[in-house]
Amino acid sequence: MTPVKIGIIGCGNISAAYLRTVQAFPVLECVACADIDIERAKARAQEFSVPKACLPDELYDDPDVEIVVNLTTPQAHASVANDAIAAGKHVFNEKPLTVTRAEGEQILAAADEKSVRIGCAPGTFLGAGLQTCRKLIDDGAIGEPVAATAYMMGHGHESWHPDPEFYYMVGGGPMMDMGPYYLTALLQMLGPIRRVSGSAGILVPERTIGSEKKRGQKITVETPDHITGTIDFVGGAVGTIITSFAVWHAQNFSPITIFGTEGTLAVPDPNSLGGKVRLRRQGEEDWAEVPYTHSHSDGKQKWGIGVADMAYAIRSGRAHRASGAQAMHVLDAMHGFLDAAESGQSYTLQAQYLRPMPLPTGLPEDALDE
Ligand SMILES: NC(=O)c1ccc[n+]([C@@H]2O[C@H](COP(=O)([O-])OP(=O)(O)OC[C@H]3O[C@@H](n4cnc5c(N)ncnc54)[C@H](O)[C@@H]3O)[C@@H](O)[C@H]2O)c1
């Protein structure tokens, strides 16, 4: 199969993980790196032997580029996607899809008009851990799923990220930053969401940067740093989610747990491709670790697996799994928690969603189609 040529816009922290993914999947070839900071683009291009480093406009004009992989900070996701769509490119955004619902709807409509695809991170649900969990649930291992819990509780990114300010601006916060992993995983296992409600607050309003270069600088938190939500799934299960950048030492049984009429599934960290899958059926004395049914457990090498799946989809004409519609459903839910926290009213989701086909079992480690 002829590799799909991608161009990366946004050569910051996460871009290295995408360039390692290009090395892991022969279906991808990176032909250009771009950034508004040209030095960052040059550095990444050199590190991964990418032939071209340029400013974004030059990348949009490059006829070789088929997918623009948009790894800018969330506040730039919509404008970069719009420029790429206008240039006739497919787009794969980092999460969240965009900051606002209106921006998300607009880029999906613009892409439709231009007959180009929108994909969006996370792709971690394509990993061995979450695909194995989905198969267990689909095969009835816990009976009928009736409830779920999802916990992402920590103290934020200012201790390690070199430029952590965006995490505390509107469009950041623990729900917009980490919610996509947890909600996307829940969607794979339990299907679409009907309604959400929530409570939220800014619990630690001022942050001090602990990483080098900006060490000691203060950040004023502009968006809730602790959000608790409830979820009604269309299929009838009810969920509880907590995302926090405001607590220390949270001890969670597992990041996500799915409870069914016949047993319980402990789901690994959805911010990874692997992790332990543990199952305990009604009447069993202890938990059992379940071997993976699927390939792709190495998140360090395959972080951008969603782009690789989109590349296969472009070549064969099938639907890609980490879709813009899925990310829009997630964005709608995330805003729903925040809106409900402010209004005191539950929110019924507007964005429609159908879960993608599962990956086939037993794929080679460098492929996503049979
Ligand atoms: N850092 C992580 O561990 C991580 C993990 C998963 C996902 N993400 C997501 O990846 C995205 C980027 O995160 P990051 O940590 O790499 O951020 P970063 O701040 O390290 O890098 C962002 C880069 O985008 C560039 N940029 C900003 N606006 C631009 C524009 N309009 N045009 C071109 N370039 C522009 C910046 O110059 C910078 O080099 C975010 O959406 C984030 O949610 C980050």
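What you see is a predicted model; the values in this text were computed from it and never measured.

Within the protein chain one finds 10 helices and 17 strands. Its C-alpha radius of gyration of 20 Å places the protein chain within 12% of the 21 Å reference for a compact globule of 370 residues. Over its C-alpha atoms, taken along the principal directions, the protein chain stretches across nearly 60 × 50 × 40 Å. The buried share of the protein chain, taken over its 370 residues, is 57%. Total accessible area computed for the protein chain in this model is approximately 15,100 Å², and 51% of it derives from carbon and sulfur atoms.

Scanning the entire structure with this criterion turns up four aromatic pairs. Ring geometry for Tyr168 and Phe245: centres 5.9 Å apart, planes at 65°, overall edge-to-face. One end of the pair, Tyr168, is in the loop between β7 (145-153) and α7 (173-190); the other, Phe245, is in the loop between β12 (238-244) and β13 (256-260), and 77 residues separate them in sequence. Ring-pair connections join several aromatic residues into one group, and the members of that group are Phe166, Tyr167, Tyr168 and Phe245. Taking NZ or CZ as reference, Arg278 lies 5.9 Å from the ring centre of Trp287, over its face.

The next thing to look at is the sheet that holds strand β16 (residues 288-289). Strands sit in the order β16-β15-β14-β13-β7-β12-β11-β8-β17 across an open sheet of nine strands; the sheet is mixed. The open sheet has two edge strands with one neighbour each: β16 and β17 (347-348). In this sheet, strand β11 (residues 226-233) lies alongside strand β8 (residues 193-201) in antiparallel orientation, the contact comprising eight bridges. Within β11, the residue paired with Val196 across the bridge is Ile231. Against the sheet, helix α10 (residues 324-343) touches β8, β11, β12 and β17, its axis set at about 45° to β8.

Once that is clear, we can look at the layout of surface pockets. In this structure, the largest pocket encloses a volume near 950 Å³. Mapped onto the lining of the largest pocket, the elements with two or more residues apiece are α2 (38-47), α3 (56-60), α4 (77-86) and α7. Taken together, the residues that form the lining of the largest pocket break down as 20 nonpolar, 12 polar and nine charged. Residue contributions to the lining of the largest pocket reach at least three from each of two domains, namely domain 1 (4-120) and domain 2 (124-293 + 328-348). The space that makes up the second largest pocket amounts to roughly 230 Å³.

The sheet built from six strands is open, its strands ordered β3-β2-β1-β4-β5-β6 with parallel pairing. Each of the sheet's edge strands pairs with one partner strand only, and the pair in question is β3 (53-54) and β6 (118-120). Bridge count for strand β1 (residues 4-9) against strand β2 (residues 28-34) is six bridges, and the pairing is parallel. When the bridges of β2 are listed, Gly7 appears paired with Ala32. Packed on one face of the sheet, helix α1 (residues 15-24) meets β1, β2, β4 (67-70) and β5 (90-93) and runs near 150° to β2.

Here the focus is the pairing of β2. Of all seven residues that make up β2, six are buried, and the element is covered over most of its length. Since β1 and β2 lie parallel, the crossover through α1 that links them has a hand, and here it is right-handed. Note that the unit made of β2, α2 and β3 has a crossover that is right-handed.

Once that is clear, we can look at the site of the ligand. Residues in close proximity to the ligand total 24 residues, the closest being Asn13, Ile14, Asp35, Arg40 and His161. Backbone polar atom of Asn13 to an oxygen atom of the ligand: 2.9 Å apart, as the coordinates give it. One nitrogen or oxygen atom from the main chain of Ile14 is found 2.9 Å from an oxygen atom belonging to the ligand. Coverage of the ligand by the protein amounts to 87% of the 830 Å² it exposes when considered alone. The pocket occupied by the ligand, as judged from atoms lying within 2 Å of grid points, is the largest pocket.

For the structure on display, the rule yields 25 salt bridges. Ionic pairing is found between Lys95 and Asp177, a salt bridge with its closest N-O pair at 2.6 Å. Of the two residues, Lys95 sits in the loop between β5 and α5 (101-114) while Asp177 sits in helix α7, which places them 82 residues apart along the sequence. As far as burial versus exposure is concerned, Lys95 and Asp177 are alike and both buried.

The next point concerns the pairing of β7. Relative to β13, β7 runs antiparallel, the two being bridged by five bridges. Counted as the bridge partner of Ala150 is Ile256 from β13. The pairing of β7 with β12 spans seven bridges and is classified as parallel. The residue of β12 that forms the bridge with Met152 is Thr243.

The next thing to look at is the environment of Val69. The residue Val69 is located in strand β4 in this model. Linking Val69 and Thr264, residues 195 residues apart in sequence, is a C-alpha distance of 37 Å. What Val69 contacts, discounting residues up to four positions off in sequence, is Ile6, Gly7, Ile8, Ile9, Tyr18, Phe92 and Val307.

Moving on to the environment of Asp37. Tracing the chain through its elements places Asp37 in the loop between β2 and α2. Taking relative accessible area as the criterion, Asp37 reaches 33% and is therefore assigned partly exposed. C-alpha of Asp37 to C-alpha of Ala84: the two residues are 47 residues apart in sequence and 18 Å apart in space.

The rules behind these values
- Residues numbered from 1 in each chain as written.
- Predicted model: local features only at pLDDT ≥ 70, side-chain atom pairs only at ≥ 80, totals over all residues.
- Heavy atoms only, no water.
- Helix = DSSP H or I, 4+ residues; strand = E, 2+ residues; numbered from the N terminus.
- Rg over C-alpha atoms; globule rule 2.2 N^0.38 Å.
- Buried < 20%, exposed > 50% of the residue type's maximum accessible area, 1.4 Å probe, protein only.
- Areas by Shrake-Rupley, 256 points an atom, 1.4 Å probe, with all protein chains shown as cover.
- Phe/Tyr/Trp six-rings, centres within 6.5 Å; stacked < 30°, edge-to-face > 60°.
- Lys NZ or Arg CZ within 6 Å of the ring centre and 35° of its normal.
- Pairing = 2+ DSSP bridges.
- Contact = heavy atoms within 4.5 Å.
- Axes fitted to C-alpha atoms, helices over the stretch in contact; angles between N-to-C directions.
- 1 Å grid on protein atoms, 1.4 Å probe; cavity = no way out; pocket = protein on both sides within 12 Å on 5 of 7 lines; lining within 4 Å.
- Points joined across faces, edges and corners; volume = space filled by probe spheres on them.
- Nonpolar A, V, L, I, M, F, W, Y, C, P; charged D, E, K, R; others polar.
- Domains from an automatic or database assignment.
- Right-handed = clockwise from strand over helix to strand, strands pointing away.
- Near = heavy atom within 4 Å.
- Polar contact = N/O pair within 3.5 Å; in protein donor to acceptor, adjacent residues only side chain to side chain.
- Sits in = over half its atoms within 2 Å of the grid points.
- Salt bridge = Lys/Arg side-chain N within 4 Å of Asp/Glu carboxyl O.

Interpretation note: all reported values are geometric properties and have no functional meaning in isolation.
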